[in-house]
Amino acid sequence: MSHDPEVMMFSRRQTLLAGATLSAAMVMPSLALSKTNSVQKEGFPPMTTSFIETKDGVQIYYKDWGPKDAQPIHFHHGWPLSSDDWDTQMIYFLQHGFRVVAHDRRGHGRSSQVAEGHDMDHYAADASAVVEHLNLKNAVHIGHSTGGGEVARYVAKFGQPQGRVAKAVLVSAVPPLMLKTESNPGGLPMEVFDGIRKGVAENRAQLFVDFPTGPFYGFNREGAKIYPGVIQNWWRQGMMGSVKAHYDGIKAFSETDQTEDLKKITVPTLVMHGDDDQVVPIADSGELSVKLVKNGTLKVYKGYPHGMLTTHADVINPDLLAFIKA
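Note that this is a predicted model, so its numbers are computed, not measured.

Criteria and cut-off values
- Every chain's residues receive numbers from 1 upward, in the order its sequence appears when written.
- With the structure being a predicted model, the display of local features is reserved for residues of pLDDT at least 70 and the display and counting of side-chain atom pairs for 80 or more, all residues being used for whole-chain, interface and lining totals.
- Here the side-chain values reflect all heavy atoms present in the structure, with hydrogen atoms and water set aside.
- Secondary structure elements are defined from DSSP: runs of H or I of at least 4 residues count as helices, runs of E of at least 2 residues count as strands, and each element is numbered from the N terminus.
- Only protein chains enter the accessibility calculation, which uses a 1.4 Å probe. A residue is then buried if its area is under 20% of the maximum for its type, exposed if over 50%, and partly exposed in between.
- The contact criterion used is simple: two residues touch if any of their non-hydrogen atoms lie within 4.5 Å.
- Accessible surface is estimated by sampling points in the Shrake-Rupley manner with a 1.4 Å probe; for residues, cover comes only from the protein chains shown.
- Here, axes are lines fitted to C-alpha atoms. For helices the fit covers the stretch in contact, and angles between N-to-C directions go from 0 to 180 degrees.
- An angle below 35 degrees is read as roughly parallel, one above 145 as roughly antiparallel, one from 65 to 115 as roughly perpendicular, and any other as oblique.
- Each helix crossing is assigned a hand: it is left-handed if the near helix lies turned anticlockwise from the far helix by less than a right angle, otherwise right-handed if that turn is clockwise.
- Any residue that is not Ala, Val, Leu, Ile, Met, Phe, Trp, Tyr, Cys, Pro, Asp, Glu, Lys or Arg is counted as polar, Gly included; the first ten are nonpolar and the last four charged.
- Throughout this description, the term nonpolar core refers to a set of buried Ala, Val, Leu, Ile, Met, Phe, Trp, Tyr and Cys residues connected via side-chain atoms within 4.5 Å.
- Salt bridges are defined as contacts in which a side-chain nitrogen from Lys or Arg sits within 4 Å of a carboxyl oxygen from Asp or Glu.
- By definition, two strands form a pair when at least two bridges between them are found by DSSP.

### Considerations on the overall build of the chain
So, step 1. Helix and strand counts for the chain come out as eleven helices and eight strands.
So, step 2. Burial status across the chain gives 49% buried among its 326 residues.
So, step 3. Taking all contacts inside the chain whose residues are at least 6 apart in sequence as the whole, residues at least 24 apart take part in 76%.
So, step 4. As presented, the chain carries roughly 15,400 Å² of accessible surface, and 57% of it is formed by carbon and sulfur atoms.

This is the structure we're talking about:
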C-alpha cells in the first residue's frame, strides 16, 4: 500500500465520492416519488401504464393518461410498431385536455409475444378488452395503417353496437383491401407481401432499418429531410415485438377484406391520406374507404408519406383536433 500523501488524498476523495453517490442513490427514489406526487397535486393529470388480460390469456399493455372525465381518444398503431408511435399525438391531445389511451397490439411492443391470434378479429377484440376495462365512452378511435384496419373492425363489431364510439379516423389506413384480386384489381400483387415476409423471416433487423429509411417516411424522395432519430425509433419499436407476430401480421393487414366493416360504420369518419404514400397507395385505400362509410370525409395531403403522423405532425395534429371538436 502506498504512503504517498497525494495518492492517499486521492483515495480518500474517491471514498468520500463513492459514499456520497451511494447516499444520493438511496435518497433518489423517495425524492422522485415526492416530486411526482407534488406535480399531480399542482393539477397535472395523472399518468399511468398498465396491463389487462384478454379472455385467451394475453397480456395487453396500455397507456391511459389525462383526466378520467375528459373525452377519450384511443390510438391504434401500425405494423410492426407500438403505442410509442403515437407519442407526438398523445402529448398534443393531453395538453388540449383530452384523455388519451393507446395500447400495444398482441405480439407488439410490451404486450405478450403469443404464437396465435395475429389477425384482425383478435386485434379488434383486444382493443375492445382495453376499452371495456377502462369503460371508455364517447371515444374517438384513431388508427394508422394496420391500426386503421383494427379501428374499422373494432368500430363495426364492438364499438358501435356497444354505443361507445363518437367518431373514427383512418390515417394512411389499409382498408378496404391491400391485396390485388379479381375484385380488387388496383391492389398490390402478392409478390410485394411475400417480399416483406422474406425480409422478416431472414433478417428482420435489417428490414427494420431499410423500411423507415426508404418508403415509410418518404426519406427516399429527392430533397426529403431525413431524421436519423425517427429511423432509429422505428427500429427500436419494431425489434421490441415478436417476429412471429410480425410475420403473421403481414397476412392480416394485406389480405383482410374490410369492405363490410366500412359499410357498417355510421359515426362521423375522417379518412386522412398522403397522395405520395408508397406503402398503402391512396387510390386503393383512402379513396375507396370514404365511399364505403356512411358519414365519411376524405382529406388528402399532397406529397405526404405513409408516416405523415410523424413527419408532418404540425399539420396533422391540428386537423385531427378540428375534426374531433367539429
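Anyway, onward from the coordinates.
### Considering the packing of helix α2 (residues 87–95) against helix α11 (residues 313–325)
So, step 1. Where α2 contacts α11, the two axes come as close as 11 Å, and the packing angle between them is 50°. Classified by the interaxial angle, the pair formed by α2 and α11 is oblique. When the axes of α2 and α11 are compared, the crossing they make is right-handed. The segment α2 lies against α11, with Thr88, Gln89, Tyr92 and Phe93 engaging Ala313, Asn317, Pro318, Leu320, Leu321 and Ile324.
So, step 2. The residue inventory of the contact of α2 with α11, partitioned by class, reads seven nonpolar, three polar and no charged.

### Looking at the nonpolar core
So, step 1. Core analysis: the largest hydrophobic core is formed by 26 residues, its most contacted members being Phe75, Phe93, Ile142, Val169 and Met272.
So, step 2. It is α11 that contributes the most residues to this core, five residues altogether.
So, step 3. Here Ile142 is in contact with Ile73, His74, Phe75, His76, Trp86, Val151, Val169, Val171, Leu320 and Ile324, once residues within four sequence places are set aside.

### Describing the pattern of salt bridges
So, step 1. Inspection of the entire model under this criterion finds 19 salt bridges.
So, step 2. In this structure, Lys63 engages Asp84 in a salt bridge whose closest nitrogen and oxygen atoms are separated by 2.6 Å. Of this pair, Lys63 sits in strand β2 (residues 59–65) while Asp84 is found in the loop between β3 (72–76) and α2, placing the two residues 21 residues apart along the sequence.
So, step 3. You can call Lys63 buried: its relative accessible area is 4%.
So, step 4. Residues Arg99 and Asp64 are paired through a salt bridge, measuring 2.9 Å at the closest nitrogen-oxygen approach.

### Observations regarding the packing of helix α5 (residues 190–216) against helix α7 (residues 243–255)
So, step 1. Following both chains from N to C, one finds α5 and α7 inclined at 160°, their axes separated by 10 Å at the closest point. Classified by the interaxial angle, the pair formed by α5 and α7 is roughly antiparallel. Here the hand of the crossing between α5 and α7 comes out right-handed. Seen from α5, the contacting residues are Met190, Phe193, Ile196, Arg197, Val200, Ala201, Arg204 and Phe208; seen from α7, they are Val243, His246, Tyr247, Ile250, Lys251, Phe253, Ser254 and Glu255.
So, step 2. Across the contact of α5 with α7, the residue classes tally to ten nonpolar, two polar and four charged.

### As for the pairing of β2
So, step 1. Extensive coverage of β2 is indicated by the burial of six of its seven residues.
So, step 2. Here four bridges tie β2 to strand β4 (residues 99–103), and the two strands are oriented antiparallel to one another. Each bridged residue has a counterpart across the sheet, and for Lys63 the counterpart in β4 is Ala102.

### What to know about the environment of Asp69
So, step 1. Mapped onto the secondary structure, Asp69 falls in the loop between β2 and β3.
So, step 2. Counting along the chain gives 67 residues from Asp69 to Leu136, while the straight-line C-alpha distance between them is 9.8 Å.

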